[in-house]
Amino acid sequence: MLGLMQDQPLLITNIMEYAALNHKDGEIVTKAVEGGIHRTNYGEIAKRSAKLAHALTKLGLTQGDCVSTLAWNTYRHLELYMAVPCMGAILNTINPRLFPQQLSYIVEHSEAKILFMDLTFVPLVDKLIQAFPDQFSAVKHMVIMTDRAHMPASLSGTALENALCYEELIEAEEDTYDWPKLDENTAAGLCYTSGTTGEPKGALYSHRSTVLHSLSSCSKDSLGISKDDTVMPIVPMFHVNAWGTPYNTAMSGSKLVLPGADMTGENFYNLIKDEGCTISLGVPTIWLALLQHVNSLGDPDCTQLPIQSFVIGGSAAAPSLIESLEKTFNAAAVHAWGMTETSPLGSVNRQLAKHVNLTDSEKMAIKVKQGRPPFGVEMKIVDDEGNKLPRDGVAFGRLMVRGPWVTKAYFKQTDHNILDDEDYFDTGDVSTLDPDGYMTIVDRSKDVIKSGGEWISSIDLENVALGQADVAEAAVIGIAHPKWQERPLLIILPKPGANPTKDDILGYLDGKIAKWWTPDDVVFIDQMPHTATGKIQKRDLRETFKDFKFTT
Ligand code: ADP
């Protein structure tokens, strides 16, 4: 027998309309790409999204069509996040930091009909179209996300000659729209992985997966976003939906602070202080930039600022980073894990009641874990044959996940099965699971160092090395070894002005790691390569050090 409750579809439209009805005055603050601070609210965003939907309809956009964006975290991008999926079209947010070939590949593969871009990216798009005209042939319109006064002085002779101006485009349109009642499984958003191996692959989110992900992320044991919060996503809206913040803030009615194109520690600090942010989210390199800025100001007392939590994900949060953030701001550093294919929230680190009386160092041993999955995400670890491994916090294996906001197939690759026979998706991460449900990433499967039949976690070594006072960034890669197959090489970017030696570093590691994990050598570099999403680019390091030979 079936239940007798209403079968209302779960739609992003409901999030937008709920926000406009119930917290229309809730503020959205943007550090504008054109400069200055822009203020609006959820009521205005809904009206302008309706205007945008009318304009897009006139440009010929229909249900199932794709709109791509190259844009920062701004209110206009938020309007696209609402209008495009609510019309039944698909919003494809592209990471502008990808290689030109990858960017062009994504525009072609997504079959984008309209391309929106911030002013910052006009020269990039011009170059891309000149270099890869065929890949852009399906793009019928381009829109620059600004007003007439800030449109580039001259676009003649460029590939953007006919580009439209966002504000002009929506100006005369009506501010209500008859949003269609869509099937909740309708595609809503399309994000490509950065394609560290092969071409980028598209994760295609649905309205249903997005709403469920948003509901889950608002819960207290997840991100805990509520009407009382002021949320600043520094994680970009061009990468995995800024970890869901455009939708969960609208759902909860929290004030939203968008840092725009200004990715400096100074901007983050000023916005935290001036706008009263309580939660901010970003990758470790963002927090390093923030801490460096505070340091450059002579370490003012930040403990009275309202910030309560820094959510850290994207790559592992080292104990030294967690400690610095917590001490400097008297706030919680909350470690989270996820990936493009998991919408992205897969786990969030929150303490259990039984942890309250632990010592600081015992608490730190828990905080560095990647956290527990929220209800809805199931995890298991398996060996290379797919056999389940124990959840004892010791055994480690391939991390497999399943749930209503986890990818079941890549865009346009539905004939390629990416799930195991229990419908779990292989994350490409190696991890442990402990009896309390905490998951700890040991490594990405391709980064783990295989030494004499045992595995060495590059993340664990990096985390320890980062505790040395002279170390700004640390990366460990495996170097081929005639006897042990691979041995670790530790690559260090020293802090500005610091000049550590190999002995300083190895001396620091001594006693903090198993003897056989000790790197066979330490090298110093003056620039650390990063990926499009701010992680250390190990592929480049492997290339740079491909001929490296250990001397001992
Ligand atoms: P990209 O590879 O394009 O940056 P994702 O954002 O999807 O794409 O990256 C997901 C991967 O990032 C995860 O599979 C994992 O390896 C890594 N990752 C994410 N969060 C963490 C974390 N808290 N600790 C360690 N690794 C993480």
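Draft legend 1. Broad picture of the packing of aromatic side chains. Applying the stated criterion across every chain, the model contains 11 aromatic pairs. Between the aromatic rings of Trp72 and Phe238, the centroid separation amounts to 5.8 Å while the plane-to-plane angle is 65°, which identifies the pairing as edge-to-face. Taken together, the residues span a long stretch of sequence, with Trp72 in the loop between strand E3 (66–70) and helix H3 (75–87) and Phe238 in the loop between strand E10 (230–233) and helix H8 (240–243) at a distance of 166 residues. The residues Trp72 and Phe238 share a single accessibility class, namely buried. Counting every residue linked through ring pairs, the aromatic cluster contains Trp72, Phe121 and Phe238. A cation over an aromatic ring shows up here: Arg372 above the ring of Tyr438, its NZ or CZ 5.8 Å from the ring centre. Taking the ring centre of Trp455 as reference, the NZ or CZ of Lys450 above it sits at 5.8 Å.

Draft legend 2. Representation of helix H12 (residues 319–329) within the structure. What H12 keeps buried is the set Leu321, Ile322, Leu325, Glu326 and Phe329. Relative to the axis of H12, the buried residues are bounded by an arc of 125° and lie together on one face. Among the structural elements, helix H11 (284–296), strand E13 (309–312), strand E14 (332–338) and helix H13 (360–367) are those in contact with the buried residues of H12. Count one or two residues on from H12 and you reach Asn330, which has phi positive near 50°.

Draft legend 3. Representation of the domain arrangement of the protein chain. Split into domains, the protein chain comes out as domain 1 (12–26 + 41–208), domain 2 (264–444) and domain 3 (449–544). Its C-alpha centre places domain 1 at a distance of 29 Å from the equivalent point of domain 2. Tallying the contact residues gives 14 residues for domain 1 and 10 residues for domain 2. Between domain 1 and domain 2 the total buried area reaches about 990 Å² when both faces are included, carbon and sulfur atoms providing 60% of it. Counting the surface domain 1 buries against domain 2, the share from its top three residues, His109, Lys201 and Tyr205, is 40%. Our enumeration of links across domain 1 and domain 2 arrives at one salt bridge. Here Glu111 ties to Lys412 by a salt bridge, and the two come within 2.7 Å at their closest N and O atoms.

Draft legend 4. Expanded view of the layout of surface pockets. Here the second largest pocket defines a volume of roughly 550 Å³. Every residue lining the second largest pocket is counted, 24 residues in all, and those nearest its centre are Leu204, Ser206, Val406, Thr407 and Lys408. Sort the elements by how many residues they give to the lining of the second largest pocket and strand E9 (residues 202–206) lands first, with three residues. Looking at the lining of the second largest pocket residue by residue, the classes come out as 10 nonpolar, eight polar and six charged. Among the domains, domain 1 (12–26 + 41–208) and domain 2 (264–444) are the pair contributing at least three residues each to the lining of the second largest pocket.

Reading the values: the criteria
Along each chain, residues carry numbers from 1 onward, in the same order as the chain's sequence is written. A pLDDT threshold of at least 70 governs which residues receive local features in this predicted model, and a stricter bar of 80 or more applies before side-chain atom pairs are shown or counted, although totals over entire chains, interfaces and linings include all residues. The side-chain figures draw on all heavy atoms in the structure; neither hydrogens nor water molecules are used. Classification of ring pairs rests on two measures: the distance between centres of Phe, Tyr or Trp rings, Trp counted by its six-membered ring, which must be within 6.5 Å, and the angle between planes, read as stacked under 30 degrees, edge-to-face over 60 and tilted in between. Secondary structure elements are taken from DSSP: a helix is a run of H or I of four residues or more, a strand is a run of E of two residues or more, and numbering for both begins at the N terminus. Per-residue accessibility, obtained with a 1.4 Å probe over protein chains only, is compared with the maximum for each type, and a residue is labelled buried under 20%, exposed over 50%, and partly exposed between these values. Charge over a ring is defined by NZ of Lys or CZ of Arg lying within 6 Å of the ring centre and within 35 degrees of the ring normal. Directions drawn from the helix axis to the C-beta atoms are what define this arc. Pairs of residues are marked as contacts when any of their non-hydrogen atoms sit within 4.5 Å. Domain delimitation follows an automatic or database domain assignment. Accessible surface is computed with a 1.4 Å probe, and the buried area is the amount of it that two parts give up when combined, taken over both parts together. Take a side-chain nitrogen of Lys or Arg and a carboxyl oxygen of Asp or Glu: if they are within 4 Å of each other, that pair is a salt bridge. Buriedness for pockets is judged along seven lines, at least five of which must meet protein on both sides within 12 Å for an open set on the 1 Å grid over protein atoms alone, while cavities are sets there where a 1.4 Å probe fits but cannot get out, and lining residues have an atom within 4 Å of a point. Grid points are joined across faces, edges and corners, and a volume is the space filled by probe spheres set on the points. Any residue that is not Ala, Val, Leu, Ile, Met, Phe, Trp, Tyr, Cys, Pro, Asp, Glu, Lys or Arg is counted as polar, Gly included; the first ten are nonpolar and the last four charged.

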